[in-house]
Amino acid sequence: MASLSNAISALWPEPLRLVLFVVGIMSFVGANAAYLVWVERKGAARFQRRPGPTEVGWAGLLQPIADAAKLMSKQLIVPAGVDRTLFRVAPLLMMSPALMSLAVIPFGEHLAARNINVGLLMIFAFGSVNVMAIMLGGWSSRNKYAIISAARVVSQNVAYEIPMLLVVITMIMVTGTMNLNEIVQNQAGPFWKWYLFRLDLNLLAPITFLIFYTCMLAETNRAPFDMAEAESELVAGAYTEYSGMGFGVFFMAEYSNILLGCALATALFLGGWQSPFGHLLGNWQSTIGVLLGLFWFLVKMYFLIFSVVWIRWTFPRTQFYGLLNLSWKILIPVSLFTLILSSAMLKLFR
Amino acid sequence: MLVKEQLKTEISADGAPRETFVINLGPQHPATHGVLRVKMTMDGEYIVRAEPVCGYIHRMQEKMGENRTYAQFLPNTSRIDYLSAMTYTHGFVGAVERAAKLQVPPRAEYIRVITSELNRISSHLVWWGAFLLDLGGFTPLLYAFDDREKILDLLEGITGSRLTYSYFRIGGLYNDVDDTFIKGTRAFVAQMRPRLKMYRSLVTDNIILRKRLIEIGPISKEMCRKYGATGPVIRGSGVPYDVRKVEPYSAYPEFDFVIPTFEEGDSMARYLVRMEEMAQSLRIIEQALDKLPAGPVMAEKVPRVLKLPAGDYCYAVEAARGRFAVRIVSDNKEIPYRIKLRTPSLSNLSLFEEASAGMLLPDALALMGSLDLVIPDIDR
């Protein structure tokens with residue numbers, strides 16, 4: 001049976017296929033950003049032994065739509081004295097890299113908008129734009145809380161980009177490719193073939209994953225590393241002056257970044273669209289196989305997203321210097337060590 | 001673009017010039033839990049000087065006291081520190097009873113102790129939740145309010161209200177407790193102990209929390225004495241000062257309890273003092289329920305219109321935040337000549353300026369949270 005993607009590309013020329021995927025990704029991200037807020041609120045409520053949203057729709061399922069309608073109907077206030085252009089551009093600048101990066105995430109065997117050889121590199125290139133967006137948003141707001149927050153974001157993201165990239169370099173060495181689709185294909189087979197459990201390639205693989213996950217939390221400014229919008233200290237941090245959809249887009253971008261980070265962690269460490277039981281349940285080349293792959297990918301990704309929510313509602317916020325100490329004194333040395341260790345292991349055993 | 005014109009060069013305490021800017025923390029800010037304003041001169045995220053500005057919720061409680069009879073002023077006392085309304089009413093009725101030489105029946109004293117300690121637990125629970133909120137942990141607040149809800153239900157059953165009780169009356173109590181209350185309180189004590197254990201393992205032992213509190217915001221014994229700090233603040237600095245022990249009042253001498261004291265003086269010490277105090281309050285409640293004597297709850301022959309003999313009277317109680325004292329100056333009239341309220345939050349706040357100098361903003365907010373301020377208690 002021809003694969004879904006092949007069928008699509010046989011029917012339509014390449015530009016059309018691209019448009020289809022881009023629309024697909026954008027609606028996927030939009031729906032996710034909205035419904036992750038619902039998951040967050042419902043999850044928080046459950047951790048706090050309360051029901052959470054119940055009024056709008058069944059179990060509050062229409063709540064995100066009501067929220068979005070409310071945000072869209074609000075006046076967009078541009079405070080006096082702000083840098084208008086930067087103030088407007090900042091939310092978009094935060095949203096668009098997340099959208100673009102998702103183009104290379106393989107959601108299934110052939111379910112990637114672009115299957116390019118430098119996919120991983122592209123994600124990290126775009127990922128660095130993120131910090132600039134918050135910084136510009138905070139800086140252009142002409143608000144002291146926002147400026148403190150912007151300064152925090154810069155030092156935090158610089159500190160956490162280093163261990164994250166070191167971990168990714170380790171993974172690139174282990175896999176030998178930057179093509180995310182190939183990385184997932186290399187993990188074919190039962191779950192002990194996932195890079196999370198491949199101790200023969202990288203003795204510290206679970207620790208590598210933990211470092212990646214921690215850095216992902218810090219890069220997306222999630223609790224317990226939510227220095228940027230520490231609401232009990234900086235009111236709303238860099239977002240203080242934003243109202244209506246300006247804030248809404250920041251909010252959506254935050255969830256899109258979490259989505260991207262968890263999708264990347266799934267592809268790199270948890271075998272992407274590979275089933276944990278190997279090929280027992282059929283051939284990935286078939287249409288059903290692609291859908292099954294999508295299913296497994298989403299299961300793993302949403303599990304990670306759930307754990308992100310779980311962590312947020314369990315831990316208090318770290319101190320700012322504690323956060324930097326964690327990166328410079330623990331994560332960077334450990335990730336450097338994993339890099340050296342796994343390169344030695346690759347040289348000796350492969 | 002912050003704002004070159006907002007930066008000022010100042011000479012700091014260590015003699016170095018610093019480029020500073022001013023942040024107004026409050027009067028509406030999530031960390032101040034009310035309408036306190038702190039004018040902060042900052043160097044980056046370091047605090048050069050933090051100057052509390054009070055008065056946004058000043059209601060002239062003391063002046064009101066000079067304009068009404070003792071019975072009329074009684075409801076005001078619940079509204080000074082709304083979180084520990086029982087103990088505040090206790091301070092006022094205690095002063096009046098001392099002046100009028102009224103003998104409060106033992107059953108009333110026991111019930112006063114039980115309700116005051118319940119109130120102390122509920123106040124500490126609110127502090128605990130709000131403090132964790134300051135530190136960025138949202139969930140404990142809901143757990144704390146879950147427990148507090150049970151206390152409020154119990155107190156509502158006997159007093160009729162949930163926050164400002166006015167349950168203690170001059171000479172005794174508004175009414176006697178019933179079996180529902182006694183049974184419910186016993187059940188609550190039994191429930192609360194495992195909850196405190198759970199809070200310990202869930203929150204107190206959390207590494208992030210410990211890193212945020214240990215050695216942060218140290219307050220020395222000298223500083224406490226200098227500013228008149230009381231309550232958990234001074235006990236966290238190693239001074240076992242508790243009005244219940246040093247100036248025993250009501251039925252407290254009849255119970256066996258410990259004053260938790262920690263030597264470190266940091267935010268963690270103050271945190272642990274309050275957590276331990278909740279356990280001690282449970283002990284007191286249990287003993288008081290076991291020994292609860294029978295009898296009336298109102299003194300005999302309380303005059304309808306009370307005239308205190310001329311003189312100067314003072315009565316202190318240990319409120320949840322420290323020493324609350326009422327001083328009544330009477331000139332033998334139906335209304336007092338002067339009422340002075342000594343509230344703990346004001347003295348506890350006054351050390352903030354000295355203690356927070358040179359700290360980082362988040363640490364200073366942790367310090368402020370550990371002082372457990374109630375803003376109406378500061379302004380009165």
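Criteria and cut-off values
- Throughout this description, residue numbers start from 1 for each chain and increase along the sequence as written.
- Following the order in which they are written, the chains are lettered starting with A and the ligands numbered starting with 1.
- Whole-chain, interface and lining totals are the exception, using all residues; otherwise, since this is a predicted model, local features are given only for residues with pLDDT of at least 70 and side-chain atom pairs are given and counted only at 80 or more.
- A run of H or I in DSSP becomes a helix once it reaches four residues, and a run of E becomes a strand once it reaches two; helices and strands are each numbered from the N terminus.
- Within these notes, the globule rule equals 2.2 Å times the number of residues to the 0.38 power, and the radius of gyration is based on C-alpha atoms.
- Exposed residues have 12 or fewer other C-beta atoms within 10 Å of their own C-beta, buried residues have 20 or more, and partly exposed residues fall in between, where C-beta atoms are placed from the backbone.
- A pair of residues counts as a contact when their C-beta atoms, built from backbone coordinates, are separated by no more than 7 Å.
- We call two strands paired when DSSP finds no fewer than two bridges between them.
- Whenever a helix is involved, its axis is fitted only over the stretch in contact; in every case the axis is a line through C-alpha atoms, and angles between N-to-C directions fall within 0 to 180 degrees.
- Think of a nonpolar core as buried Ala, Val, Leu, Ile, Met, Phe, Trp, Tyr and Cys residues, each tied to the set through C-beta atoms within 7 Å.
- For classification purposes, angles smaller than 35 degrees are called roughly parallel, those larger than 145 roughly antiparallel, those between 65 and 115 roughly perpendicular, and all remaining angles oblique.
- By definition, any crossing whose near helix is turned counterclockwise from its far helix by less than a right angle is left-handed, and any crossing with a clockwise turn is right-handed.
- In this classification, the charged set is Asp, Glu, Lys and Arg, the nonpolar set is Ala, Val, Leu, Ile, Met, Phe, Trp, Tyr, Cys and Pro, and all remaining amino acids, among them Gly, are polar.
- Per-residue confidence from the predictor is reported as pLDDT, which spans 0 to 100.
- Each helix should span, by expectation, one fewer than its residue count multiplied by 1.5 Å.

A word on the overall build of chain B
Line of reasoning, step 1. On a plain count of helices and strands, chain B comes out with 15 helices and 9 strands.
Line of reasoning, step 2. Since a compact globule built from 380 residues should have a radius of gyration of about 21 Å, the 22 Å found for chain B is in line with a globular shape.
Line of reasoning, step 3. Along the first, second and third principal axes, the C-alpha atoms of chain B reach 70 × 50 × 35 Å.
Line of reasoning, step 4. In chain B, which comprises 380 residues, the share counted as buried stands at 49%.
Line of reasoning, step 5. Nonlocal contacts in chain B, meaning residues at least 24 apart in sequence, comprise 69% of its contacts between residues at least 6 apart.

A look at the overall build of chain A
Line of reasoning, step 1. When helices and strands are counted, chain A shows 13 helices and 0 strands.
Line of reasoning, step 2. Each helix and strand of chain A, ordered N terminal to C terminal, gives the series α-α-α-α-α-α-α-α-α-α-α-α-α.
Line of reasoning, step 3. Computed over the C-alpha atoms, the radius of gyration of chain A is 21 Å, within 12% of the 20 Å expected from 2.2 N^0.38 for a compact globule of 350 residues.
Line of reasoning, step 4. The C-alpha extent of chain A, read off along each of the three principal axes, is 60 × 50 × 45 Å.
Line of reasoning, step 5. The 350 residues of chain A split such that 46% are buried.
Line of reasoning, step 6. Residue pairs at least 24 apart in sequence account for 78% of intrachain contacts in chain A once pairs closer than 6 positions are excluded.

Topic: the pairing of strand β8 (residues 322–330) of chain B
Side-chain direction in a regular strand flips from residue to residue, so the side chains alternate between the two faces of the sheet.
All names here are of chain B.
Line of reasoning, step 1. By the criterion of burial, β8 is predominantly enclosed, with 7 of the 9 residues buried.
Line of reasoning, step 2. The antiparallel hairpin formed by strand β7 (residues 311–319) and β8 contains 2 residues in its connecting segment.
Line of reasoning, step 3. For β8 and strand β9 (residues 338–342), the ladder comprises 5 bridges, and the chain directions are antiparallel. Along β9, the bridge assignment pairs alanine 325 with arginine 342.

Considering the sheet that holds β7 of chain B
All names here are of chain B.
Line of reasoning, step 1. Judged by pairing direction, the sheet is antiparallel, and its 3 strands sit side by side in the order β7-β8-β9 without closing on themselves. The open sheet has two free edges, formed respectively by β7 and β9, since each of these has just one partner strand. Averaged over neighbouring strand pairs, the angle between their axes works out to 15° when direction is ignored.
Line of reasoning, step 2. Taken strand by strand, helix α3 (residues 85–100) contacts β7 and β8, and its axis lies near 150° from that of β7.

Notes on the pairing of strand β4 (residues 46–53) of chain B
Line of reasoning, step 1. The sheet contact formed by strand β3 (residues 37–43) of chain B and β4 of chain B spans 7 bridges and is antiparallel. What sits directly across from threonine 41 of chain B, in β4 of chain B, is arginine 49 of chain B.

Some words on the interface of chain B and chain A
Line of reasoning, step 1. Contact residues are listed per partner, giving 28 residues for chain B and 26 residues for chain A.
Line of reasoning, step 2. Every element with two or more residues in the side of chain B that touches chain A is listed here: β2 (17–25), α4 (106–134), α5 (139–159), α7 (207–213) and α14 (361–371) of chain B.
Line of reasoning, step 3. The element contributing the most residues to the side of chain B that touches chain A is α7 of chain B, with 4 residues.

Remarks on the nonpolar core
Line of reasoning, step 1. The biggest cluster of nonpolar side chains holds 106 residues, and the ones touching the most others in it are Val96, Val326, Met368 and Leu373 of chain B.
Line of reasoning, step 2. Among the elements that make up this core, the one with the highest residue count is α4 of chain B (15 residues).
Line of reasoning, step 3. Those residues in contact with leucine 373 of chain B that lie beyond four places of it in its chain are Leu36, Ser345, Asn348, Leu349, Met368 and Ile378 of chain B.
Line of reasoning, step 4. If you look at the next biggest cluster of nonpolar residues, it comprises 93 residues, including Val104, Ile134, Ile148 and Ala218 of chain A.

Focus: the packing of helix α9 (residues 205–219) of chain A against helix α11 (residues 244–269) of chain A
Residue and element names in this part refer to chain A.
Line of reasoning, step 1. Running from N to C, α9 and α11 point in directions that differ by 165°, and their axes come no closer than 10 Å. With respect to their mutual orientation, α9 and α11 come out roughly antiparallel. Judged by the twist between their axes, the crossing of α9 over α11 is right-handed. Where α9 abuts α11, its residues Phe209, Phe212, Tyr213, Met216 and Glu219 lie against Gly261, Ala265 and Phe269.
Line of reasoning, step 2. Taken together, the residues that form the contact of α9 with α11 break down as 6 nonpolar, 1 polar and 1 charged.

Brief notes about the confidence of the model for chain A
Line of reasoning, step 1. Chain-level pLDDT for chain A is 81 on average; 92% of the residues reach the 70-or-more range.
Line of reasoning, step 2. Looking over chain A, one finds the lowest element-wise mean pLDDT in helix α1 (residues 4–11) of chain A, namely 58, and the highest in α9 of chain A, namely 87.

Some thoughts on the packing of α4 of chain B against α5 of chain B
Residues and elements named next belong to chain B.
Line of reasoning, step 1. Closest axis-to-axis distance for the α4/α5 pair is 8 Å, and the angle between their directions is 160°. Considered as vectors, α4 and α5 are oriented roughly antiparallel to each other. In the packing of α4 onto α5, the handedness of the crossing is left-handed. Mapping the contact onto sequence places Thr115, Leu118, Ile121, Ser122, Leu125, Val126, Trp128, Gly129, Ala130, Leu132 and Leu133 in α4 and Pro140, Leu141, Ala144, Phe145, Asp147, Arg148, Ile151, Leu152, Leu154 and Leu155 in α5.

Brief notes about α11 of chain A
Line of reasoning, step 1. Under the 1.5 Å per step criterion, the end-to-end length of α11 of chain A is 38 Å for 26 residues, consistent within 8% with the ideal 38 Å.
Line of reasoning, step 2. After α11 of chain A finishes, the residue glycine 271 of chain A shows a positive phi value of roughly 75°.

Observations concerning the environment of arginine 321 of chain B
Residues and elements named next belong to chain B.
Line of reasoning, step 1. As for its placement among the helices and strands, arginine 321 is situated in the loop between β7 and β8.
Line of reasoning, step 2. Spatially, the C-alpha atom of arginine 321 lies 6.7 Å from that of proline 232, the residues being 89 residues apart in sequence.
Line of reasoning, step 3. Setting aside chain neighbours within four positions, we find arginine 321 in contact with Asp81, Gly231, Pro344, Ser345, Asn348, Asp372, Val374 and Asp377.

Observations concerning α14 of chain B
Line of reasoning, step 1. For α14 of chain B, the buried fraction is high: 11 of the 11 residues fall into the buried class.
Line of reasoning, step 2. Those residues of α14 of chain B lying buried are Leu361, Pro362, Asp363, Ala364, Leu365, Ala366, Leu367, Met368, Gly369, Ser370 and Leu371 of chain B.

Notes on the environment of tyrosine 302 of chain A
Line of reasoning, step 1. Mapping tyrosine 302 of chain A onto the fold places it in helix α12 (residues 287–312).
Line of reasoning, step 2. C-alpha separation for the pair tyrosine 302 of chain A and leucine 36 of chain A, spaced 266 residues apart in sequence, amounts to 9.6 Å.

A few points about unusual backbone geometry
Glycine aside, residues mostly have negative phi, and peptide bonds are mostly found in the trans state.
Line of reasoning, step 1. In the Ramachandran plot, asparagine 221 of chain A falls in the positive-phi region, its phi being about 55° despite a non-glycine side chain.
Line of reasoning, step 2. Looking at where asparagine 221 of chain A falls in the secondary structure, it is placed in the loop between α9 and α10 (231–234).
Line of reasoning, step 3. Phi angles above zero are rare outside glycine, and methionine 60 of chain B is one such case at about 60°.
Line of reasoning, step 4. Note on placement: methionine 60 of chain B falls in the loop between β4 and α1 (61–65).

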